[in-house]
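Now for the letters of each chain:
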Amino acid sequence: MGKFVVRQTPTGIKFDLKAGNGQVILTSEVYTTKAACLNGIESVKKNSQEDSRFERLDSKNGKPYFNLKATNGQVIGTSELYESVAARDNGIESVKKNAADAETTEE
């Protein structure tokens, strides 16, 4: 089962969604408050269950990645860069599978 890991950064607070194997599959923006960060987690749980919320993109160097967007179009999480479209699509499926029931922990 996946988990959301909330952690402090030099400029605020953010979260990672980790798959059951511990790999980071989605990273949030940096929030100014813990409450906003926790709201972001709830948004990921909800929006990750709709395929249309995943924006499939290619980076400047041609590597595939994705953004997860909220209903209002705001990006709520970004993936790593993948080596192939198939690997990116597997990452999306992993977010769908892991996010809905993931527990939240703090580092």
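Residues numbered from 1 in each chain as written. Predicted model: local features only at pLDDT ≥ 70, side-chain atom pairs only at ≥ 80, totals over all residues. Heavy atoms only, no water.

So, the side chain of R88
Here comes step 1: Within the fold, R88 resides in helix α2 (residues 85-99).
Here comes step 2: Look at R88 and you get buried, because its relative accessible area is 8%.
Here comes step 3: Discounting chain neighbours no more than four positions away, the residues touching R88 are R56, L57, D58, P64, Y65, F66 and Y82. (Helix = DSSP H or I, 4+ residues; strand = E, 2+ residues; numbered from the N terminus. Buried < 20%, exposed > 50% of the residue type's maximum accessible area, 1.4 Å probe, protein only. Contact = heavy atoms within 4.5 Å.)

Focus: the pairing of strand β1 (residues 3-9)
Regular strands place their side chains on alternate faces of the sheet.
Here comes step 1: Of the strand pairs in this sheet, β1 and strand β2 (residues 12-18) are connected by seven bridges, and their pairing is antiparallel. Across the sheet, residue V5 finds its bridge partner in β2, namely D16.
Here comes step 2: Counted between consecutive antiparallel strands, the loop separating β1 from β2 contains two residues.
Here comes step 3: Looking at chain direction, β1 and strand β7 (residues 103-106) are connected through four bridges and run parallel. Across the sheet, residue V6 finds its bridge partner in β7, namely E106. (Pairing = 2+ DSSP bridges.)

Focus: the pairing of strand β5 (residues 64-69)
Here comes step 1: Within β5, five of the six residues are buried, which leaves the element mostly enclosed by the surrounding structure.
Here comes step 2: Counting the residues in the hairpin turn of strand β4 (residues 54-58) and β5 gives five residues, including G62, whose phi is positive at 90°.
Here comes step 3: Here three bridges tie β5 to strand β6 (residues 75-78), and the two strands are oriented antiparallel to one another. The residue of β6 that forms the bridge with K69 is V75.
Here comes step 4: Taken together, β5 and the strand that follows it, β6, pair antiparallel across an intervening segment of five residues, in which G73 is found at a positive phi of about 90°.

Quick look at the nonpolar core
Here comes step 1: Of all hydrophobic cores here, the largest spans 22 residues; its most connected members are F4, F15, L17, L26, V44, F66 and V95.
Here comes step 2: Looking at this core, the elements with two or more residues in it are β1, β2, β3 (24-27), α1 (34-47), β5 and α2.
Here comes step 3: What V95 contacts, discounting residues up to four positions off in sequence, is L17, I25, L26, S48, F54 and F66. (Core = buried A, V, L, I, M, F, W, Y, C linked by side-chain atoms within 4.5 Å.)

Details of the pattern of salt bridges
Here comes step 1: For the structure shown, the criterion picks out twelve salt bridges.
Here comes step 2: With a closest N to O distance of 3.1 Å, R7 and D16 form a salt bridge.
Here comes step 3: Across the pair R56 and D89 runs a salt bridge whose closest N-O atoms are separated by 3.9 Å. Taken together, the residues span a long stretch of sequence, with R56 in strand β4 and D89 in helix α2 at a distance of 33 residues.
Here comes step 4: Given a relative accessible area of 29%, D89 falls into the partly exposed group. (Salt bridge = Lys/Arg side-chain N within 4 Å of Asp/Glu carboxyl O.)

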